[in-house]
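One-letter residues, chain by chain:
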Amino acid sequence: MNIHQVIVVGAGPVGLLCALDLARQGVQVCVLELEHSTTLDLRAGTFHPPTLEMLAPLGVTDAMMQIGLKVPVWQSRDLQEGLIAEWDMSILQDDTPYPFRLHLEQHRLTPILLEKLTAYSNAQVLFSHEFIGLTQSPEHVSVRVKHQEQEVELLAQWVIGADGGKSPVRKSAGIEFDGYTWPERYSVVSTTHDFSHLGYADNAYVSDPEQWVAFFRMPDLGPPGLWRMTIPVGQAHTDEEVLDPQYANSVFQRVLQTPADVVYPIVHQSVYRVHQRVANRFRSERVLLAGDSAHVNNPLGGFGLNSGIHDAMNLSDKLARVIVQGESCELLNLYERQRKSVNMEYVQEISIKNKHNLEEADPKIRQERFAQLRKINASETSRREYLLVSSMINSIKKANSIC
Ligand SMILES: Cc1cc2nc3c(=O)[nH]c(=O)nc-3n(C[C@H](O)[C@H](O)[C@H](O)COP(=O)(O)OP(=O)(O)OC[C@H]3O[C@@H](n4cnc5c(N)ncnc54)[C@H](O)[C@@H]3O)c2cc1C
């Protein structure tokens, strides 16, 4: 039986990127995807400077920039106090060639990756192929796959689980997913209503003890784009209630302080459960995890997919060195040390802190935080430091320093 060099499970953004970067380096790779095509996913939408730097050599950044929205300035706001601080990322121009956030819908990135991947003759993408289990030997991994009600077995030297938060690969490899699930869900709502005339930047985080909101202008199919808001939803409301446009309208009316007869045209709505979890290992012998299969976090800060992309590029570089250049498998343990550490110390810690900051109820702590943000923003040195962290530039420096 033919032994694939690498099987990647999952044709989400992380799986496709792992496959693309491996194929580029001459590795023979096969992607298995449960669905019959790439999925329409309204989740991630913000890309940070290091992500754009990493994707540039693959030609992906140029393709994203053609349809994405450049966001050089974002805001910290409060529902009662209004604007607290405006963060102009041009101060990072000596730190990165991309001193801005790029907004692009996740489901418009995956077709770019797929198109580039299918140009490689050493890459294969099998849609409607469901991973159902694996067993490992010292030489290879045996993967069981369901296709058209038939079960088939495939062999691979290495398997990458990029199959999302529920990751059947992670479960088959017996890897624990430590952490917790938040009691509240998040709702994502898009409208054609334009908030820029209210003074909102294309990305704004609005704190409030009862109803914080994260706003993003998304490119959609072209100007003026759509405005997307992410809001927390308490247990008192069912999914059905939350998905009623009237619920979204009442949130917009409250947040934007408009009368009850103002109607916001709703284009999309969805509800998600939100988790903070990290796999206790990113490697089990010949099985490796990347993206949401390895870690999940709340979306405040836009770290989830960005860190998944950082995993994909770190892993594909090391795995290609092992396969093509015959370097030691020890390199793959370095992948785990680098990416697991920054996920724990950076992505988990800061996304949790961002959530607590937005929902803080103690008036004294709220005022102290506003004063601190204004102080940071007033000094060029502290503003740059703050943006080096929030734009993930420091997380990459930290990962690269781990040996
Ligand atoms: C509300 C919300 C907003 C977000 N906003 C941001 C943001 O602005 N910035 C950011 O960086 N991140 C954000 N995220 C996180 C981001 O969406 C995820 O981190 C990202 O989707 C992870 O990509 P992935 O490829 O690892 O997994 P997924 O996108 O989940 O892809 C996994 C793939 O595996 C396939 N699969 C699953 N099981 C099997 C199987 N058995 N066999 C074969 N295939 C299988 C699935 O069908 C899917 O195609 C947000 C998340 C949420 C919930």
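Peer 1: Is there a simple way to explain the site of the ligand in this structure?
Peer 2: Of all residues adjacent to the ligand, which total 31 residues, the nearest are E33, Q106, D292, L305 and N306. At 3.1 Å from an oxygen atom of the ligand is found a main-chain nitrogen or oxygen belonging to V14. Considered on its own, the ligand offers 1000 Å² of accessible surface; in the complex 90% of this is hidden by protein. Secondary-structure elements contributing two or more residues to the shell around the ligand are α1 (13-24), β9 (130-136) and α8 (304-325). In terms of residue count, α8 provides more of the shell around the ligand than any other element does, 3 residues in total.

Peer 1: Help me understand the packing of α1 against helix α4 (residues 106-118) in this model?
Peer 2: In the contact formed by α1 and α4, the axes pass within 9 Å of each other and the chain directions differ by 25°. Between α1 and α4, the angle is such that the two are roughly parallel. Both α1 and α4 take part in a crossing whose hand is left-handed. Facing α1, whose interface residues are P13, L16, L17, A19, L20 and A23, α4 presents Q106, L109, T110, L113, L114, K116 and L117. Here the contact of α1 with α4 is built from residues that sort into 10 nonpolar, 2 polar and 1 charged.

Peer 1: For this particular structure, what's the right way to read the environment of A56?
Peer 2: Mapped onto the elements, A56 comes out in the loop between α2 (49-55) and α3 (60-67). Considering only alpha carbons, one finds A56 and N377, 321 residues apart in sequence, at a separation of 30 Å.

Cut-offs used in this document
- Residues numbered from 1 in each chain as written.
- Predicted model: local features only at pLDDT ≥ 70, side-chain atom pairs only at ≥ 80, totals over all residues.
- Heavy atoms only, no water.
- Near = heavy atom within 4 Å.
- Polar contact = N/O pair within 3.5 Å; in protein donor to acceptor, adjacent residues only side chain to side chain.
- Areas by Shrake-Rupley, 256 points an atom, 1.4 Å probe, with all protein chains shown as cover.
- Helix = DSSP H or I, 4+ residues; strand = E, 2+ residues; numbered from the N terminus.
- Axes fitted to C-alpha atoms, helices over the stretch in contact; angles between N-to-C directions.
- Parallel < 35°, antiparallel > 145°, perpendicular 65-115°, else oblique.
- Left-handed = near helix turned anticlockwise from the far one by under 90°.
- Contact = heavy atoms within 4.5 Å.
- Nonpolar A, V, L, I, M, F, W, Y, C, P; charged D, E, K, R; others polar.

Function cannot be inferred from these measures alone, as they are strictly geometric.
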